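Residues per chain, in single letters:
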Amino acid sequence: MEGAVLCAANHAPLTPITFLDRAALVYPDRPAIVASSSGLTRTWRETRDRCLRLAAALAALGVHRHHVVAVFAQNIPAMCELHFGIPMAGAVICTLNSRLDAAMASVLLRHSEAKLIFVDCALLDVAHDAIRRISQSGATPPVLVLISELLDDPSDAKLPSGRVDYEYEHLVGNAGSSPEFAVRWPADENEPIALNYTSGTTSRPKGVIYSHRGAYLNSLAAVLLNDMASTPVYLWTVPMFHCNGWCMAWGVAAQGGTNVCVRRVTAATIFDAVARHGVTHMGGAPTVLSMIVNATAEEQRPVARRVTVMTGGAPPPPKVLHRMEEQGFLVIHSYGLTETYGPATVCTWRPEWDALPAEERARIKSRQGVHHHGLEVDVKDPATMRSVPRDGKTMGEVMLRGNTVMSGYYKDGAATAEALAGGWFRSGDLAVRHEDGYVKVLDRSKDIIISGGENISTIEVEAALFSHPAVEEAAVVGRPDEYWGETPCAFVKLRPGAAAAAKAGVVEEELMAYCRARLPRYMAPRTVVVVEEGLPKTATGKVQKFELRARAKAMGTVPAAPAAKSKRSKL
Ligand SMILES: Nc1ncnc2c1ncn2[C@@H]1O[C@H](COP(=O)(O)OP(=O)(O)OP(=O)(O)O)[C@@H](O)[C@H]1O
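Residues numbered from 1 in each chain as written. Predicted model: local features only at pLDDT ≥ 70, side-chain atom pairs only at ≥ 80, totals over all residues.

### So, the site of the ligand
Reasoning step 1: The environment of the ligand is formed by 23 residues, the closest being Thr198, Ser199, Thr201, Thr202 and Thr338.
Reasoning step 2: Secondary-structure elements contributing two or more residues to the shell around the ligand are β14 (330-337), β20 (425-433) and β21 (439-444).
Reasoning step 3: Split into classes, the residues belonging to the shell around the ligand amount to six nonpolar, 14 polar and three charged. (Near = placed C-beta within 6 Å. Helix = DSSP H or I, 4+ residues; strand = E, 2+ residues; numbered from the N terminus. Nonpolar A, V, L, I, M, F, W, Y, C, P; charged D, E, K, R; others polar.)

### Quick look at the sheet that holds strand β25 (residues 485-494)
Reasoning step 1: Here we have three strands laid out as an open sheet, ordered β24-β25-β26, and mixed in their pairing. Looking along the sheet, the strands with just one partner apiece sit at the ends: β24 (471-481) and β26 (527-530). Within this sheet the neighbouring strands show an average axis-to-axis angle of 25°, counted without direction.
Reasoning step 2: Bridge count between β25 and β26: four bridges; the pairing is parallel. Along β26, the bridge assignment pairs phenylalanine 491 with valine 529.
Reasoning step 3: On top of the sheet, helix α18 (residues 545-554) reaches β24 and β25; it is set at about 55° to β24, its chief contact. (Pairing = 2+ DSSP bridges. Axes fitted to C-alpha atoms, helices over the stretch in contact; angles between N-to-C directions. Contact = placed C-beta atoms within 7 Å.)

### Regarding the confidence of the model for the protein
Reasoning step 1: Summarising the model, the protein shows a mean pLDDT of 92, and 95% of its residues fall at 70 or more.
Reasoning step 2: When the criterion is pLDDT under 50, residues 563-571 qualifies, and its contacts beyond four places in sequence or with other chains add up to 11 contacts.
Reasoning step 3: Across the interface, the model reports ipTM at 0.97; the global pTM reads 0.91. (pLDDT = per-residue confidence, 0-100.)

### Some points on the pairing of strand β8 (residues 192-197)
Reasoning step 1: The element β8 is largely enclosed, with a buried count of six among its six residues.
Reasoning step 2: Note: β8 against strand β9 (residues 207-211), five bridges, orientation antiparallel. In the strand pairing of β9, alanine 194 is matched with tyrosine 210. (Buried ≥ 20, exposed ≤ 12 C-beta atoms within 10 Å, placed from the backbone.)

### Here's the deal with unusual backbone geometry
Reasoning step 1: Of note, threonine 231 is a non-glycine position whose phi angle comes to about 50°, a positive value.
Reasoning step 2: Assignment of secondary structure puts threonine 231 in the loop between α7 (212-225) and β10 (233-235).
Reasoning step 3: One non-glycine residue, tryptophan 246, lies in positive phi territory at about 55°.
Reasoning step 4: Inspection of the secondary structure assignment puts tryptophan 246 in helix α8 (residues 243-246).

Structural data, given as structure tokens:
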């Protein structure tokens, strides 16, 4: 339009680094970071100073714009600082899953070509092993910076035995590094800020590139989704390595909040931190919610004010949502992927649902919902790219497009082109759309069971199992079946009391009968396996269904049952 100009006065690249400057200006003396176990506290003024010194130290070590700098750490205070310090040096932060073994860590470090790695003292042995593997392969290993944060249990502490190039506190406190460092702002908001590897639930982890712009937009969206007013107290129960803590590693600064860091996520540490630090918000996969609802009387502490908990990463069973509400927590349900900077949709609550019975409210909340600001969601037939009707029945693939979809997979143009083909990002999740426009995910396309031509949503079978009072964990996969092709096979962990009372053979039959009474007959598991040790999970709390599928397959084919044959015909 005539008269409109684009210049420095009205346009600057969007970047979440700006949140830090503002927090330090508005809330200089408020706590920015608290280590729950040791009580160590740093204000926003100190945090900004330390991040500037860190950026100066990285620049002095030869880190340039767009170099990848890896971080291998649990949710410790340094993690919060590194989310600002690394991008302030113009570099790209790559947070590695803290549960990686040395073999996978070395693969990802080589793939990312990280110049430098910050290592939590609790993970030093794994990092050393990974670096040894990189050296043996002939590649140049990254420079290692040790973070000697206090451990929850000081007896875990040991002196570093292998090579350590620098100490974190030395870099941050070095007289040579300066809080006057000139931040290397991105010249273009589409420059990379982070490289995040996917959880590796279905395949090898893929390296997802985030831009400054996308990170800025999704951090603010996450603040809105979490219903965060200014100065929230955020408990770190989402791993910060997972999508930069669903973008809250930057988002908390946007509201001048306090980051409460805990190394271990258990019911006891959660209740303790909530009581001691006045936590207002936290997040977590449904496994974290299960920890809370299954907490013993000794682990629980009174919750003085209502805590808002964002859940996502895996489908939350309605029963667990219902129990969280009974315990006084407010749960917000969000869905997303590493490729969408974490949260992409939210089950936005409508006031008219408040009056519904509690179980109905939980069922509504277990839906993945609608897109948040920044992108668009649809459920489409992947072959025709047509939207499915809003009938709650027709299944399609969840697809997303907009400003908070990844820039691409690092060094994998073919996979990027495939994922973004047709102008939409294909999630690989199957869903229906309800009349009100809300999306309900039924399964990952790799997990859905096809039994006698019928699609069975494992999520729905799991929800039925979770509603049984004896069940603590449940996961359903397909098991080869002589007649139906495959039938649902449930792996369950029983609650401690129920496990002690359960009789082998009887409890399995009871659970099958329970599901048959609540689900269409073909959806009820034909095999139930009680596992004592719990289900295998990724570090982000997702059940590793590929492992359970292998176990189900190893159990052999379910023989044809004449009764089943007569009850329904094969399509
Ligand atoms: N609220 C939710 N309800 C149901 N499923 C969810 C929800 N949030 C996330 N998910 C699942 O998590 C997936 C995204 O997970 P993430 O990006 O962490 O890596 P991954 O897909 O588990 O690993 P990989 O891509 O390496 O197999 C989604 O595609 C979806 O299947």
